[in-house]
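Residue-level structure breakdown
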Amino acid sequence: MFSFHLISPLLFQKLNTLTNSLERDRQTIARLRTDVSRELQYAELAARTIERMGTSGGMMHLHQQFTLPSKYVPFSCRPC
């Protein structure tokens with residue numbers, strides 16, 4: 001078992017800084033995974049929405065089914 005009282009204060013400080021950095025990076029990665037997952041879902045939904053616009057006959061029908069952030073739908077597809 002490792003004993004922290006045998007580590008020099010400078011080495012302990014560096015180890016503590018490294019541990020904090022790794023934890024911050026772990027949290028950042030988890031947040032990015034969540035964000036990327038959400039973005040992929042929106043992009044997939046936008047692609048399906050655009051595809052269905054050509055076959056389902058109208059934006060009103062789609063508007064009732066889906067709500068997407070406007071950045072995923074081309075300008076010409078947005079409701080008035």
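Located above this text is the structure these notes cover.
As the structure is a prediction and not an experimental result, all values here were calculated from the model. (Residues numbered from 1 in each chain as written. Predicted model: local features only at pLDDT ≥ 70, side-chain atom pairs only at ≥ 80, totals over all residues. Heavy atoms only, no water.)

**Overview of the pattern of salt bridges**
Rules: In the sections that follow, a salt bridge refers to a side-chain nitrogen of Lys or Arg positioned within 4 Å of a carboxyl oxygen of Asp or Glu. Each helix is a run of H or I in the DSSP string that is no shorter than four residues. Each strand is a run of E no shorter than two, and both are numbered from the N terminus. Summary of the burial criterion: residues with accessible area below 20% of their type's maximum are buried, those above 50% are exposed, and those between are partly exposed, where the area comes from a 1.4 Å probe applied to protein chains only.
Using the criterion set out here, one finds 4 salt bridges in the structure. Residue Glu23 is joined to Arg26 by a salt bridge in which the shortest nitrogen-to-oxygen separation is 2.6 Å. On the criterion of helical spacing, the pair formed by Glu23 and Arg26 is a turn pair, its members being 3 residues apart in helix α1 (residues 9-56). Look at Arg26 and you get partly exposed, because its relative accessible area is 48%. Notably, a salt bridge pairs Glu44 with Arg48, separated by 3.8 Å at the nearest N-O pair. Here Arg48 and Glu44 lie together in helix α1, a separation of 4 residues that amounts to about one turn. Overall, Glu44 belongs to the partly exposed group, its relative accessible area being 49%.

**Examining a nonpolar patch on the surface**
Counted only if it meets this: The patch calculation keeps residues exceeding 30% relative accessible area without a salt bridge and links them within 9 Å when they carry like charges or within 5 Å when they are nonpolar (Val, Leu, Ile, Met, Phe, Trp, Tyr). Residue burial considers only the protein chains on display, and all accessible areas are found by Shrake-Rupley using a 1.4 Å probe.
On the surface, a nonpolar cluster with roughly 270 Å² of combined accessible area is contributed by Leu15, Leu18 and Leu22. Mapped onto the elements of the fold, Leu22 is located in helix α1. Relative accessible area serves as the criterion here: at 51%, Leu22 is assigned to the exposed category.

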